Amino acid sequence: MREDLTRRWTAGELASAVAISQSQLGRLFQAELGLSPMSYLWRMRVDRMAELLATKAMSVASAAAEAGWCHPSTASRAFRRRFGVTPLQFAARVRTVGVARQLAGDTAAFVAVDRDLCEPR
């Protein structure tokens, strides 16, 4: 799943891939991660989207598509649920912190800004 976020995974496909039932897969995910398999997939996609927005100059729609989302609006809602800010707000903060770091020579003064950037919920 992690290697192919753009694939349209189903719980049945995931269960078949590891030769267990869907219900057993759900129990294992819940026990180990506290999430359903599909919630975990969404989280990985949102995290990938955040990584793309932080490291590349790309639109939210492009980052969403590259992270495996079919619809940017769904990706944006999931992003906001996870990080508490929209993807646009996140990208703007990342750019602001990046510029500030360059101006300050990457000093410790901006560590607190990094921490406040977007802590996952």
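Parameters and conventions
- Residues numbered from 1 in each chain as written.
- Predicted model: local features only at pLDDT ≥ 70, side-chain atom pairs only at ≥ 80, totals over all residues.
- Heavy atoms only, no water.
- Core = buried A, V, L, I, M, F, W, Y, C linked by side-chain atoms within 4.5 Å.
- Buried < 20%, exposed > 50% of the residue type's maximum accessible area, 1.4 Å probe, protein only.
- Helix = DSSP H or I, 4+ residues; strand = E, 2+ residues; numbered from the N terminus.
- Contact = heavy atoms within 4.5 Å.
- Expected span 1.5 Å × (residues − 1).

Re the nonpolar core
Ranked by size, the top nonpolar core spans 17 residues in total, and within it V46, M49, L53, W69, F79, F83 and F90 carry the most contacts. Secondary structure elements with two or more residues in this core: α3 (37–55), α4 (60–66), α5 (72–83) and α6 (87–104). If you tally residues by element for this core, the top one is α3, at five residues. For V46, the contacting residues outside a window of four places in its chain are W69, A78, F79, R82 and F83. If you look at the next biggest cluster of nonpolar residues, it comprises 11 residues, including M1, L5, W9 and F29.

A word on α3
In a regular helix each residue adds 1.5 Å, so 19 residues correspond to 27 Å; α3 covers 27 Å between its end C-alpha atoms and thus fits that length. For α3, the set of buried residues is P37, Y40, L41, M44, R45, V46, M49, A50, L52 and L53.

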